[in-house]
Amino acid sequence: MSPVPIEQTAPVQTQDFVATGARRAGVYPTFGRMPQAANSQLTTAEKVAAEAEMTELLRARATTPGARAQYEARLKELRALAANHGTDTQREIEK
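Reading guide: rules and limits
Residues numbered from 1 in each chain as written. Predicted model: local features only at pLDDT ≥ 70, side-chain atom pairs only at ≥ 80, totals over all residues. Heavy atoms only, no water. Helix = DSSP H or I, 4+ residues; strand = E, 2+ residues; numbered from the N terminus. Buried < 20%, exposed > 50% of the residue type's maximum accessible area, 1.4 Å probe, protein only. Areas by Shrake-Rupley, 256 points an atom, 1.4 Å probe, with all protein chains shown as cover. Expected span 1.5 Å × (residues − 1). Arc of directions from axis to C-beta. Contact = heavy atoms within 4.5 Å. Bend = angle between axes of the 7 residues up to and from the residue.

*Asks:* What should I look at first to understand the overall build of the protein in this one?
*Replies:* Scanning the protein for helices and strands turns up three helices and zero strands. Listing the helices and strands of the protein from first to last along the sequence gives α-α-α. Out of the 95 residues belonging to the protein, those deemed buried represent 6%. For the protein, the exposed area adds up to about 9000 Å²; of that, 57% sits on carbon and sulfur atoms.

This is the structure we're talking about:
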């Protein structure tokens, strides 16, 4: 139950822009220009190169003592990037 009786509430006022927008059925919004992304995505070549690098490090870590440390360091770097790139990018956008 409402704390204010329905008889004492103000009538809803319909603004002109609401009625105008409601009559534009079937019209999709457009942009004057395409928005620009805040950062670029990995290209297919960059993705393949990163996968090849990690695969080689993974293969080498069993045979080379320093390879495991190199693999772990690169893995830590990539995980830190994944964990922080969203907040870092947002901070850059908000500057």
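*Asks:* How should I be thinking about helix H2 (residues 44–61) in this particular structure?
*Replies:* An α-helical turn contains 3.6 residues, so any two residues separated by three or four positions project in the same direction. With 18 residues, H2 ought to run about 26 Å at 1.5 Å a step, and its terminal C-alpha atoms sit 26 Å apart, in line with that. Those residues of H2 not exposed but buried are Met 54, Leu 57 and Ala 60. Angular distribution of buried residues about the axis of H2 spans 130°; they occupy a single face of the element. H2 presents Thr 44, Ala 45 and Arg 59 as exposed residues on the side facing more than 90 degrees away from its buried surface. Those residues of H2 hidden inside the fold are in contact with helix H3 (65–93).

*Asks:* Just to check I follow, could you spell out H3 for this structure?
*Replies:* For H3, built from 29 residues, the straight-helix expectation of 42 Å at 1.5 Å per residue is met to within 8% by its first-to-last C-alpha distance of 42 Å. Its axis deflected by about 50° at Asn 84, H3 carries its strongest bend there. Every buried residue belonging to H3 is among Ala 67, Tyr 71 and Leu 75, and all of these are buried. Its buried side turned inward, H3 meets H2.

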